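Spelled out from the first residue to the last, the chains are:
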Amino acid sequence: MQNKTAIQIFTVVFALVCLFQISFTWIGYQVREDAKAYANGDLKKENDYLDSIKTKPVYNLGIKNYTYQEVQSNEINLGLDLKGGMNVTLEVSTVDLIRSMANNSQNPTFLQALQNAQEAQKHSNLDFVTLFGQEFKKLDANAQLKTIFSTLELKDKINFESTDEEVLTVIRAEANSAIDRTFNILRTRIDKFGVTQPNIQKLGNSGRILVELPGVKDPERVRGILQQTAQLEFWETYEAGETYPVLEKVNSRLAQMNVSGEGKEGADKEDALGALTSPDSTVVADSSKVTIDQTAQETATSKEDSINDALNALLGTGDSTGSDTSASAQNKSFEEWSKDNPLFAVLHPLLDSDNRLRSGPMAGYAAIKDTGKINEYLNMPEIRNLMPRDMMLRWGVKAFDDEGRFLHLYALKVTNRDGKPILAGDVVIDARQEFGQNRANAEVVMVMNPQGANSWKKITKEASSQTPKRAVAVVLDGYVYSAPTVQGEIPNGISTITGDFDIKEAEDLANVLKAGKLPAPARIVQEAVVGPSLGDEAIRSGFISFAIALILVLVYMVFYYSNAGMVANVALMANIFFILGVLASLGAVLTLPGVAGIVLTIGMAVDANVLIYERIREELHKGKGVRLALKDGYMAAYSSIVDANVTTMLTGIVLYVFGTGPIQGFATTLIIGILTSLFAGIFITRLVFIWMMDKDKGVRFSTKATENLLKNVAYKFVEKRKIYYAVSGTLILLGIGSLVTKGLNYGIDFVGGRNYVVRFDKDVSTTQIQEALKVPFGGEVPEVKTFGESNQVSITTKYMIDQEGSDVEQQVEDKLKEGISTVRPDGWEVMGSQTVGPTIADDIKQNAVWAIVFSLFVIFVYILIRFKKWQFGLGALLALFHDVALVVSCFSLLDGIVPFSMEINQAFIAAILTVIGYSINDTVVVFDRIREYLAEHKRSEMGVVINNALNSTLSRTFNTSMTVFLVLLAIFLLGGEVIRGFSFALLVGVVVGTYSSICIATPVVIDLAKKGSQEDKK
């Protein structure tokens, strides 16, 4: 074996890297188990414990200590279908954005073009702005967009010389900017949910944003927060010297109320005084614009030996300057001190190096884990009465320290009688990131409309005239993003904010300032909620099926291939280890379809070993020694292995590109599994065999029961091809008849709607539930089916699916509960739900069609190039059409007959593409052997040669199909109701794919070759 040492080194390094990556998942699990043991069933205590150690080292590798937060970020993430939670896809309303940019123009052509574009979007992959431009021109070829969009806000971008294409470019840029702003706003809101490992990402160029929130238990609250309109505000602020006496009164009152200030479990006392960064700002007047220079001051760290000294220095005299305290006070333990100072034990004043209060709008700072307790204190009626009515305390939006542990608390001043801010964010007409004159740092330019500029002039004049000069806080959704101190009057509404910004920070601040322009909230177009119990069941069923499938394959390989089967099993276990390691290193999310992908990979990974072993057995039957047979067997199998896996890989890539969510998870594990199985099956097995032979250990490739199995088969496949055509044709015709008369059961993925999984404590009648929901759902009869056990149902409805609004989902859920309660007042719960809007359903349907068409085309091209004969490519393509047709026909014929869901949804499309991948894998192996036999027997009759080639592959075909079938059977029986239809499609596909590769693809090649030769003779 060439490069043996290099392969050994790579294997060891790869294994160590995978072990390193997987170790984070194990450490994270151990930490959470410790938290459970500590909390003893108290969920809040458990979460507090995990929060307190988030930035503490929990994993020591010698060269580096990893905090719990870092361990979490490196773990294998479980999808929502495995641990429960909420998955939401939001879409920014481009229609409302365009209306806003046109100042709500009532031009009939404009309004009709918007309406037509909305309708056209349901059947097109083009973006909405392009469709709007096309529809506008269709309605009036002479109309010009510049006449509608030449507004005061857009005067710098659109004028009376702008072409329609230039106007559309401006609209498109603004739409993309709105998506960016919405993304940043949502990201900030999500951080406030406090969930573990939240995920938010833009979905390509679709204008949609995916949000995943594991473990959330209040979907209604999530919907409301995610869909609310952004509120950008400007507020005056208090100075720290004014705020501190108020906080001191609060602290004293809390002590009198015997409120515990202890909030330090698991945290060092020194954390409260660590490295502090206090933002300060200066404003420099200019004839054309004013620069707000926001810079970070020097780090202030206490020179005292403990937090007690620093805080007591403030508390000793009761003023804001600080003084010495008595020795007895200084000698108090922190626990005793915190009982006397509940507020200051968790909320710490900002001090300079001399232990004096820092000037500025910050009332203090606190550990993020303590903010909930502080909010609780400040919201007590007795405490609110101690505070000035015009004082409003708000947290900063993000941590100010490097470790992400502390937040500033700002004191805002309410100066208007109606409680509104001094200026609303809608006055900002533009904000952009630029570079300063020295190009060293990024800066942000903010421009206000005339009305805002006038107000801004008065505000900045008043703020800068006071002593000390006051800050103006920029607040979005109740969180302070920036609070620069104003040093001079800003005359014209144009400001440049400079400071120690990098480009990303400047862009984020610009997006915040433009958030006030957001004309409408993002609306939910797709949603899935998985209850925690349903997630636990999915984990249990998924991993039970995984274990059973693995055991079946391990046993079968040893039964068929003796101790060579043991070697294959070693490679298989290594393959699973590598898959998990790569998933962890990529930060991929493991979903239930992803588990199915790993389980399927177990079956397909055996294929490489089966190909190699069958070749080695052939070489041994020729009388070769074991070493030579091994060498020649591996060489002979390489071509088939590469071809088979490349075609399956292409299918996996198509799945990943066109799929979303769980389907991408399935594709990810499939692609990774193919790559790792190739490495394990080819290199690791060979290294083991070399080691065994070097140690004079016998290597056997069969048992007595399998030694001559399928060895001397001489079945006449070619002669019976017309029978196969007839059988397949009959089945396809039956399927077409069923499709015409019965159709398919399309899931909400393709037609839109809502689906709920409801579990009862007793068996229920689906008809009774259906009738009970008819009245609450406004006369619409929902589809109600048994989902798994007889006490669990799946309810699908289109009730209110076309209506928009933040409370629509809750209204539908209330109607659902109202109807079910008439049948069973209690003893039931909604286990999970899914919502798909009509627009996104159309997009999913189009992507599904394109995925299938594109995968067939790619495979045809690959085979055409690889085998250099169009007959092979067309034969494989027709066989794939045959497989897809039979699987689809099966779902139409059996829908309503079998006791599980036969819906056509995204999972079904994933199954179809996987069947295509498996079938072409099998077909390519057969074609490869045919090509080999035809090259070796050029003078023999084509039919005889092909028959011999097909018979020689039967052992490999049988073994691969059997292992994959056993794996899929385990998934089907034990994998849970959620993926039962998916696994059934794969089961049917494996049977059909194995049959078609021998009985359809090859006969078609023969008939096409004969026809071609006859035409050549003519």
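Residues numbered from 1 in each chain as written. Predicted model: local features only at pLDDT ≥ 70, side-chain atom pairs only at ≥ 80, totals over all residues. Heavy atoms only, no water.

1. Notes on the sheet that holds strand 23 (residues 792-797)
Right, so step 1: One open sheet accounts for eight strands, arranged 5-6-4-19-24-21-23-22; its pairing is antiparallel. Each edge of the sheet is formed by a strand with only one pairing partner; in this case those strands are strand 5 (199-202) and strand 22 (783-786). Each adjacent strand pair in this sheet contributes to an overall mean axis angle of 20°, direction not counted.
Right, so step 2: Pairing of strand 22 with strand 23 involves four bridges; the strand directions are antiparallel. Residue Val-784 lies in a different strand from strand 23, and its bridge partner there is Ile-795.
Right, so step 3: Across the face of the sheet, helix 10 (residues 219-227) comes into contact with strand 4 (85-91), strand 6 (208-214) and strand 19 (523-530) while running at roughly 25° to strand 4. (Pairing = 2+ DSSP bridges. Helix = DSSP H or I, 4+ residues; strand = E, 2+ residues; numbered from the N terminus. Axes fitted to C-alpha atoms, helices over the stretch in contact; angles between N-to-C directions. Contact = heavy atoms within 4.5 Å.)

2. Some remarks on the packing of aromatic side chains
The geometry of an aromatic ring pair is captured by the separation of the ring centres together with the interplanar angle, meaning the angle of the planes.
Right, so step 1: Counted according to the given criterion, the structure contains 39 aromatic pairs.
Right, so step 2: Look at Tyr-556 and Phe-559: their rings are 6.3 Å apart centre to centre, the planes differ by 50°, and that puts the pair in the tilted class. With Tyr-556 and Phe-559 both in helix 19 (residues 532-586), this residue pair falls three residues apart, about one helical turn.
Right, so step 3: Judged by relative accessible area, which is 11%, Tyr-556 ranks as buried.
Right, so step 4: When the ring of Phe-777 is compared with that of Tyr-799, the centres are 5.1 Å apart and the planes differ by 25°; the resulting orientation is stacked. In this pair, Phe-777 sits in the loop between helix 25 (766-774) and strand 22 while Tyr-799 sits in the loop between strand 23 and helix 26 (808-823), placing the two residues 22 residues apart along the sequence.
Right, so step 5: By the ring-pair criterion, three or more aromatic residues cluster together here, those being Tyr-556, Phe-559, Tyr-560, Tyr-561, Tyr-613, Phe-689 and Phe-701.
Right, so step 6: Lying across the ring of Tyr-38, Lys-45 places its NZ or CZ 4.9 Å from the centre.
Right, so step 7: Across the ring face of Phe-972, the terminal group of Arg-980 is positioned such that the distance to the ring centre comes to 6.0 Å. (Phe/Tyr/Trp six-rings, centres within 6.5 Å; stacked < 30°, edge-to-face > 60°. Buried < 20%, exposed > 50% of the residue type's maximum accessible area, 1.4 Å probe, protein only. Lys NZ or Arg CZ within 6 Å of the ring centre and 35° of its normal.)

3. Quick word on the nonpolar core
Right, so step 1: Core analysis: the biggest nonpolar cluster contains 141 residues, and Tyr-613, Phe-689, Ile-863, Phe-908 and Ile-916 have the highest contact counts within it.
Right, so step 2: The biggest single contributor to this core is helix 19, with 20 residues.
Right, so step 3: The contacts of Phe-908, once residues within four sequence positions are left out, are Val-887, Val-888, Phe-891, Glu-903 and Ala-985. (Core = buried A, V, L, I, M, F, W, Y, C linked by side-chain atoms within 4.5 Å.)

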